[in-house]
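Inside the fold
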Amino acid sequence: MEGLEGTLAELRDTFRSGRTRSVAWRKSQLRGMIEFVQDNEERIFQALDQDVGKHPVEAYRDEVGVVAKSAKLSLSCVEKWMAPRKGDLPLVFFPASAQVMPEPFGVVLIMGSWNFPISLTLDPLIAAISAGNAVVLKPSELSPTCSSFLAENIPKYLDPKSIKVIEGGIDVCEQLLQQKWDKIFFTGSQRVGRIVMTAAAQHLTPVTLELGGKSPAIMDSSSNPTNMKVIAKRIVGAKWGSCSGQACIAIDYLLVEERFASDLIDLLAKTIKQFYGENPRESKSYCKIVNKNNFKRLLDLLKDPLVEASVAYGGSVDEEKMYIEPTILLNPPLDSQIMTEEIFGPLLPIITLDDIYESIDFISSRPKPLAIYAFTRDEKFKKQILSRTSSGSVTFNDTLLQFLCDSLPFGGVGQSGFGRYHGKYSFDTFSHEKAILQRGFFPELEPRYPPWNSFKLHFIKLAYAFNYIGLILLLLGLKK
Ligand SMILES: NC(=O)C1=CN([C@@H]2O[C@H](COP(=O)(O)OP(=O)(O)OC[C@H]3O[C@@H](n4cnc5c(N)ncnc54)[C@H](O)[C@@H]3O)[C@@H](O)[C@H]2O)C=CC1
Ligand SMILES: CCCCCC(=O)O
């Protein structure tokens, strides 16, 4: 790509100059980010409608509001986050001081996804800025209106010497990935995550992979009937209520005991009508499928004869409008693609079990998901889910909200990704924690040097014992 080397050289010079490390620079960029979303809310809404058909409510809830919230939090906390932390030392080192000092990695690459093209690019950008990095931001080419909007307008609000937006598709990404970065933050599929990680390995570059996977929901019998309506709204909201299921933390499939399936399907169908009307195709609250490739991918999942036979609700499509009806499937074959690949769309398989506790093995025998949702008031079952399954997050009796909690790290585990961000975790993700030890030249302890002898062995053993004494003093409050 023309000029990439030059762009990177400029960013490296900028970073080396120290321009991005001051708290003043970081705060000025965070203020610029807040102004950017405030000044351009309507234009962002239009771009999101253009690219994925998002309603302004979803556009604000999942995108503009997320960016504003993160930028404001970082602006209020960045000085505290930057401050070195005091460390404790063994008494025998006395006099000495220990610190942990967060420092920026340097020049970082952020690659975003199309489904939340504003928040999933700008939230990591806020993180990188807060930690004092210079940045190349590569929005997804599958949300072109948002991508070009960011490329055109970010330089008007943020420091163009330190932050560059580079647009493009696979060819541009491949060139970017050949470069040496000090950190790569990638949001996207497991397939491309492997490509990113392979490229990063050439330069031993640390990566954060925000991936996806098949996030299950479980519903047991412990919720009383009055809760069922709330549960249905939360399931429908988490399947079709955020980019019509094209969301990494959307429910991918639902596990219930066989005896509840029929009533649950009826209730979910009723709730879908309540949310999107009799004809969701006409609903302004329902997103389209992003492009023909994804539409075809989802159609292929649905058109598998054994899967098509399992449609319990919905199933209609309109290729011209890139529309797929909210669709519920009952017990599609477990070896079908819809049950082995991430759906990332408006199709909800319901898998029935004889006993809800079977869901533990069902989930733990598959790749670790980004999220698990469990609707239950059975404390024993909750404990089993927490101790016998692994996932990026577990949410009991609700959905999606874990994404909006700044005190909770957001990220996957195993094939759903590694690394995390949101809140202070964002700052940490883009910081190296440097250890600093400072000593004087007195006293000098000769036993630390050769020639070794039995006295020095006893001295070293005593020194380690002192360590414990220090710990005891600390515990007794006799030592800071
Ligand atoms: N954990 C999270 O926060 C999120 C994860 N996701 C996951 O992302 C996926 C859907 O998003 P997509 O944008 O379609 O993912 P994707 O992996 O196709 O694209 C992500 C980024 O990688 C780039 N890219 C695509 N193909 C590439 C290649 N061959 N070489 C180098 N770069 C390439 C794209 O330009 C884009 O910027 C799903 O798997 C979903 O679960 C989506 C949103 C959030
Ligand atoms: C509710 C917002 C979720 C954004 C991340 C995702 O699920 O793709």
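Residues numbered from 1 in each chain as written. Chains lettered and ligands numbered in written order. Predicted model: local features only at pLDDT ≥ 70, side-chain atom pairs only at ≥ 80, totals over all residues. Heavy atoms only, no water.

**Side note on the nonpolar core**
Most often, soluble globular proteins have nonpolar side chains that are buried together. Met-33, Phe-36, Leu-122, Leu-125, Leu-254 and Leu-268 are the most contacted members of the largest nonpolar core, which totals 87 residues. Of the residues forming this core, the biggest block, ten residues, is contributed by helix α4 (residues 56-82). Listed in part, the 27 residues of the second largest apolar core include Met-322, Ile-324, Ile-343 and Ile-356. (Core = buried A, V, L, I, M, F, W, Y, C linked by side-chain atoms within 4.5 Å. Buried < 20%, exposed > 50% of the residue type's maximum accessible area, 1.4 Å probe, protein only. Helix = DSSP H or I, 4+ residues; strand = E, 2+ residues; numbered from the N terminus.)

**As for the environment of Glu-282**
Here Glu-282 shows up in the loop between α10 (258-276) and α11 (292-303). Measuring from C-alpha to C-alpha, the distance between Glu-282 and Leu-334 comes to 33 Å, with 52 residues separating the pair along the chain. Here the side chain of Glu-282 touches Lys-321 through a polar contact of 3.4 Å, side chain to side chain. (Polar contact = N/O pair within 3.5 Å; in protein donor to acceptor, adjacent residues only side chain to side chain.)

**Overview of the pattern of salt bridges**
Summed over all chains, the structure comprises 24 salt bridges. With its nearest N and O atoms 3.8 Å apart, the salt bridge here joins Arg-43 to Glu-152. Here the residue Arg-43 occupies a position in helix α3 (residues 41-52), and Glu-152 occupies one in helix α6 (residues 144-157), the gap between them amounting to 109 residues. In this structure, the salt-bridge partner of Arg-85 is Glu-433, at a minimum N-O distance of 3.1 Å. One end of the pair, Arg-85, is in strand β1 (residues 85-87); the other, Glu-433, is in strand β18 (residues 431-439), with 348 residues separating them in the sequence. (Salt bridge = Lys/Arg side-chain N within 4 Å of Asp/Glu carboxyl O.)

**Overview of the environment of Thr-208**
Relative to the assigned elements, Thr-208 resides in strand β7 (residues 207-210). Remark: the alpha-carbon pair of Thr-208 and Asp-220, spanning twelve residues in sequence, is separated by 35 Å. Ignoring sequence-local partners within four residues, the contact set of Thr-208 consists of Lys-183, Ile-184, Phe-185, Phe-186, Phe-418, Gly-419, Arg-420 and Thr-429. (Contact = heavy atoms within 4.5 Å.)

**Here's the deal with the site of ligand 2**
Taken together, Asp-62, Asn-115, Phe-116, Ser-242, Ala-247, Cys-248, Ile-249 and Phe-403 make up the full set of residues adjacent to ligand 2. Take Cys-248: an N or O atom from its main chain is 2.9 Å from an oxygen atom of ligand 2. Partitioning the shell around ligand 2 into residue classes produces five nonpolar, two polar and one charged. (Near = heavy atom within 4 Å. Nonpolar A, V, L, I, M, F, W, Y, C, P; charged D, E, K, R; others polar.)

**A few points about the layout of surface pockets**
Here the largest pocket defines a volume of roughly 1300 Å³. Secondary structure elements with two or more residues in the lining of the largest pocket: α7 (170-178), β6 (183-187), α8 (190-202), α11 and α13 (337-340). Size it by volume and the second largest pocket reaches roughly 490 Å³. Lining the second largest pocket are 23 residues; nearest its centre among them are Arg-61, Asp-62, Gly-241, Ser-242 and Leu-400. (1 Å grid on protein atoms, 1.4 Å probe; cavity = no way out; pocket = protein on both sides within 12 Å on 5 of 7 lines; lining within 4 Å. Points joined across faces, edges and corners; volume = space filled by probe spheres on them.)

**Observations concerning the pairing of β7**
Here β7 shows a buried face lined by Val-207 and Leu-209 and a second buried face lined by Thr-208 and Glu-210. Relative to β7, β6 runs parallel, the two being bridged by four bridges. Directly across from Ile-184, in β7, lies its bridge partner Val-207. Crossover β6 to β7 through α8 is right-handed. When β7 meets strand β17 (residues 417-418), the two strands line up antiparallel, connected through two bridges. Looking at the pairing, Leu-209 lines up with Phe-418 of β17. (Pairing = 2+ DSSP bridges. Right-handed = clockwise from strand over helix to strand, strands pointing away.)

**Some details on α3**
The terminal C-alpha atoms of α3 lie 16 Å apart, and with twelve residues this matches the ideal 16 Å at 1.5 Å per residue to within 8%. Listed as buried for α3 are Ile-44, Phe-45, Ala-47, Leu-48, Asp-51 and Val-52. All buried residues of α3 lie within an arc of 165 degrees about the axis, which places them on one face of the element. Across from the buried face of α3, at angles greater than 90 degrees, the exposed residues are Glu-42, Gln-46 and Gln-50. Its buried side turned inward, α3 meets α2 (23-39), α4 and α6. (Expected span 1.5 Å × (residues − 1). Arc of directions from axis to C-beta.)

**Focus: the UniProt feature "active site" (unreviewed entry) in the chain**
Look at the UniProt record and you will see "active site" (unreviewed entry) annotated at Glu-210. The residue Glu-210 is located in strand β7 in this model. (UniProt positions renumbered as here; feature names shortened; annotations may be inferred.)

**What about the confidence of the model for the chain?**
The pLDDT averaged across the chain works out to 95; a share of 97% of its residues lies at or above 70. Taken together, the chains of this predicted complex give a pTM of 0.96 and an interface ipTM of 0.96. (pLDDT = per-residue confidence, 0-100.)

**Focus: the site of ligand 1**
Residues in close proximity to ligand 1 total 27 residues, the closest being Lys-138, Glu-141, Ser-189, Leu-211 and Glu-342. At a separation of 3.4 Å, a nitrogen atom of ligand 1 approaches a polar side-chain atom of Glu-210. Protein coverage of the free-state accessible area of ligand 1, which is 840 Å², stands at 93%. For ligand 1, the cavity whose grid points lie within 2 Å of the majority of its atoms is the largest pocket. (Areas by Shrake-Rupley, 256 points an atom, 1.4 Å probe, with all protein chains shown as cover. Sits in = over half its atoms within 2 Å of the grid points.)

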